[in-house]
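# Chains, contacts and geometry: an overview
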Amino acid sequence: MVPGCGSISRNARGTPVTVSLLFEQTLNGLQFGVMLFLMAAGLTLVFGVMGLINLAHGSLYMAGAFACAGVAAATGSYWLGLVASLVAAAAAGAIIEVVVIRRLYDRDHLDQVLATFALILMFSEGTRWLFGSFPLYLDLPAALKGAVRLPGGIDYPRFRLALIAIGLALALALMWLINRTRLGMRIRAGEADREMIAALGVDITRLYTIVFALGAGLAGLAGALVGTVQSVQVGMGEPVLILAFVVVVIGGIGSIKGALLGAVLVGLTDTLGRFLLPQAFALFMDPSRATSIGSALASMSIYILMAMVLVWKPGGLYGGANGS
Amino acid sequence: MTRETALNALLGLGLLAVALTAHAAGWTFTVTLATKVAILALAGAGLNIALGFGGLVSFGHAAFFGIGGYAAGILASHAMFYEPLVTWPVEIEGTRAMPVIWLVAMAASGLAALAIGALSLRTRGVFFIMITLAFAQMIFYFAISWPAYGGEDGLSLGVRNTFAGLNTLDPLSFFAICYTLLMIVLGLTALLRCSAFGLALDGARQNAERLKSLGIDPTRVLLTAFCLSGMVTGLSGALYADLNRFVSPAMLSWQTSGEIMVFVILGGVGRLFGPLAGAALYIVLEHNLGGVSEHWQFLLGLLLLLVVLFARGGLIGLVAGERRHG
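Residues numbered from 1 in each chain as written. Chains lettered and ligands numbered in written order. Predicted model: local features only at pLDDT ≥ 70, side-chain atom pairs only at ≥ 80, totals over all residues. Heavy atoms only, no water.

Counting its regular elements, chain B contains 13 helices and 4 strands. On C-alpha atoms alone, chain B measures out to a radius of gyration of 19 Å, which is about the 20 Å that the 2.2 N^0.38 rule sets for 326 residues. The 326 residues of chain B split such that 55% are buried. In chain B, once contacts between residues fewer than 6 apart in sequence are set aside, the share between residues at least 24 apart is 78%. Approximately 13,500 Å² of chain B is accessible, and the part contributed by carbon and sulfur atoms is 67%. Mean positive and mean negative side-chain charge positions of chain B (16 and 15 charges, respectively) differ by 14 Å. (Helix = DSSP H or I, 4+ residues; strand = E, 2+ residues; numbered from the N terminus. Rg over C-alpha atoms; globule rule 2.2 N^0.38 Å. Buried < 20%, exposed > 50% of the residue type's maximum accessible area, 1.4 Å probe, protein only. Contact = heavy atoms within 4.5 Å. Areas by Shrake-Rupley, 256 points an atom, 1.4 Å probe, with all protein chains shown as cover. Lys, Arg positive; Asp, Glu negative; His and termini not counted. Charge placed at Lys NZ, Arg CZ, Asp CG, Glu CD.)

So, in structure tokens, the structure goes:
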């Protein structure tokens, strides 16, 4: 045991829970959270401004990851790949907005769900067609390889730190865009009253395409970044999409601030739950049962969090009163 | 007889005719496909109660489908190994008798629907869609990480469960069971629509405020409908487990929720026989597009997209025209 770190307990595998390990897991949770935010931001904006539920958002996340993998493999540059992920996902978003999504704004949610479900089928199968069904892996550039020694003697992967920094920077940039710029003013106005800003001479059709492409680009970038840590494969978007829904429900629809808070809450709950719950159960039951009960409960923890927020505030933390 | 009634009769009798002809010709696989259509139509019929009649867009019906399936799988596996299900306070044995399994599957999925519905109905609209999806996902992850009943690998039922007096392993007998249950459920749904409860449910979908001013609590009406809906889908899950003699977390996945929803919408939302039309079309497409290209899901997606954008009202809407009541 590392002196000075303060042991709390031992888990089933005998790894001591130290303050430094807890710190590391907290960083992991934060990193997961900011990536979820990039995904949830587009979802909540598209819903808040256009009133559209977009299941195909996960496909844009996947498209970004594949664009990054493709371009990085062709050019050898990871950075070009990241740019490609942003551009390709935003372009794909703009295209599906103009061709399909635009026709769905004044339809009911059921039609939106079905049409975007159909888009998922087409995106997934189309990607499998182009890239095959084997997962792709991305190589990190030298600048992001290796680990950084943090205070407290923890070696933490440099790339994961970079993810936290990129995520937080983009969150701040997005809030600045929404709250301080003319485009953001229009987006907020579109959320409040779409007829009125159309009457004031804002080209609402173009505004919608921009908002959709913006959300798509962020999702694509998140896909590329997370795909670097894990792998790039067909179907990678949907689990994240559902987590992003949980984030949006917790944060309140249409609220960027809510999405950030919700995403960090979900990221921390999930990561720390997986880490701490099996050990907490090991305090009073035998290790193998503790691991299975603890991990089963941990996999449900964010949904329990969501249920609690709903009971307390049905419209989400930063949402309206009734949640409709 | 309206065009819709005629079409319903055609659909109902058509499925029966397909199964009987296939049996006579010795095409066992076609009988099994017809059985699959009946079971999936039943799952859709369950969702239709919430989605079509109550206007509740549930994207989490895979939860009830899977819970029904696991109820069948768990009871059968305990019976197979002669392990009691519960030893305390009373000893409960597993069972292979279908009627008991159906009741347990419906009770379990009904209870799950009560819990999920009570929480989800605090909100409406798009929140409701996301929350039902999230709860179904929660149960999916629970099934994956809970090792006692197979976890990620799923659970095998061994032989098909039993029904007194019938050889359930004979494809036509099993089809008859599923078909009869589907017809009973569709008949009961038709009665439900005409009942006072059905009218209240229509009211809750169309104008909750007005229903409230008549002294009826819309949330309670919708919650009841959601439970009934979950129970029917749970029943179909138990049958589906028996069809494949296997349950796995895939039954609980969000794709399953999407597919059940597709059956309802392809057929026509709120139409009594819509789920049957939708499920039949889906299975036919799956088996024929599969021959055209291994990327048949792309074509399926394209077709779905065209149906949503240009053929509103689904298959039954296309043939029988607009519904007269909103």
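With that out of the way, let us pick up the overall build of chain A. What chain A contains, in helices and strands, is 11 helices and 2 strands. In summary, chain A has a C-alpha radius of gyration of 21 Å against a globular reference of 20 Å for 324 residues, a match within 12%. Seen through its C-alpha atoms, chain A measures out along the principal axes to roughly 65 × 50 × 35 Å. Within chain A, buried positions represent 56% of all 324 residues. A sequence separation of at least 24 residues applies to 74% of the contacts in chain A between residues at least 6 apart. Taking the average location of the 20 positive side-chain charges in chain A and that of its 15 negative ones, the two points are 8 Å from each other.

All names here are of chain B. Packing of helix α2 (residues 28-53) against helix α7 (residues 196-206) leaves a shortest axis separation of 9 Å and a crossing angle of 50 degrees. Classified by the angle between their axes, α2 and α7 sit oblique to one another. Listed contacts from α7 to Ile49, Gly52 and Phe53 of α2 are Leu201, Asp202 and Arg205. (Axes fitted to C-alpha atoms, helices over the stretch in contact; angles between N-to-C directions. Parallel < 35°, antiparallel > 145°, perpendicular 65-115°, else oblique.)

Let us look at the side chain of B:Ser173. Turning to its location among the elements, B:Ser173 is positioned in helix α6 (residues 171-194). In this structure, B:Ser173 is in contact with B:Leu166 and B:Asn167, ignoring residues within four places of it in sequence.

Once that is clear, we can look at the confidence of the model for chain A. Confidence in the prediction for chain A averages 86 pLDDT; 93% of positions are at 70 or higher. The model gives residues 1-14 of chain A a pLDDT under 50, and that stretch makes 23 contacts with residues more than four places away or in other chains. (pLDDT = per-residue confidence, 0-100.)

Right, let's get into the UniProt feature "transmembrane region" (unreviewed entry) in chain A. Residue and element names in this part refer to chain A. Within this numbering scheme, the UniProt entry marks residues 30-53, 60-80, 86-105, 117-138, 158-178, 207-229, 241-269 and 290-312 as carrying the feature "transmembrane region" (unreviewed entry). Annotated as residues 86-105, this span is 70% helix and 0% strand, and its ends, taken at the C-alpha atoms, are 25 Å apart. Secondary structure within residues 241-269 divides into 86% helix and 0% strand; the distance between the first and last C-alpha atoms comes to 17 Å. (UniProt positions renumbered as here; feature names shortened; annotations may be inferred.)

Next up on the list: the interface of chain B and chain A. Each partner contributes to the interface: chain B provides 43 residues, whereas chain A provides 48 residues. Carbon and sulfur atoms make up 83% of the area that chain B and chain A hide from each other, which totals about 4,300 Å². Applying the counting criterion to the chain B and chain A interface returns 0 salt bridges. Across the chain B-chain A interface, the total number found is 6 residue pairs in polar contact (both at pLDDT 80 or more). Within the residue set of the side of chain B that touches chain A, elements represented by two or more residues are α5 (125-145), α10 (254-267) and α12 (296-310) of chain B. Take the side of chain B that touches chain A: its biggest share by element is 14 residues, from α5(B). Among the residues making up the side of chain B that touches chain A, the classes are represented as 29 nonpolar, 9 polar and 5 charged. (Buried area = accessible area lost by both parts, 1.4 Å probe. Salt bridge = Lys/Arg side-chain N within 4 Å of Asp/Glu carboxyl O. Polar contact = N/O pair within 3.5 Å; in protein donor to acceptor, adjacent residues only side chain to side chain. Nonpolar A, V, L, I, M, F, W, Y, C, P; charged D, E, K, R; others polar.)

Turning to the pattern of salt bridges, a few remarks are in order. Using the criterion set out here, one finds 10 salt bridges over all chains in the structure. Residue A:Arg102 pairs with A:Glu97 through a salt bridge whose shortest N-O separation is 3.3 Å. For B:Asp202, the salt bridge is made with B:Arg205, and the minimal N-O distance between the two is 3.0 Å. In this pair, B:Asp202 and B:Arg205 both sit in helix α7, 3 residues apart, roughly one turn of the helix. A relative accessible area of 19% places B:Asp202 in the buried class. Among the ionic contacts, a cluster of salt bridges with common partners joins B:Arg193, B:Asp202 and B:Arg205.

This part is about the UniProt feature "transmembrane region" (unreviewed entry) in chain B. Here, the residues flagged by UniProt with the feature "transmembrane region" (unreviewed entry) are residues 34-56, 63-81, 101-119, 126-149, 174-201, 221-240, 260-285 and 297-320 of chain B. Across residues 34-56 of chain B one finds 87% helix and 0% strand; the C-alpha atoms that close the span lie 29 Å apart.

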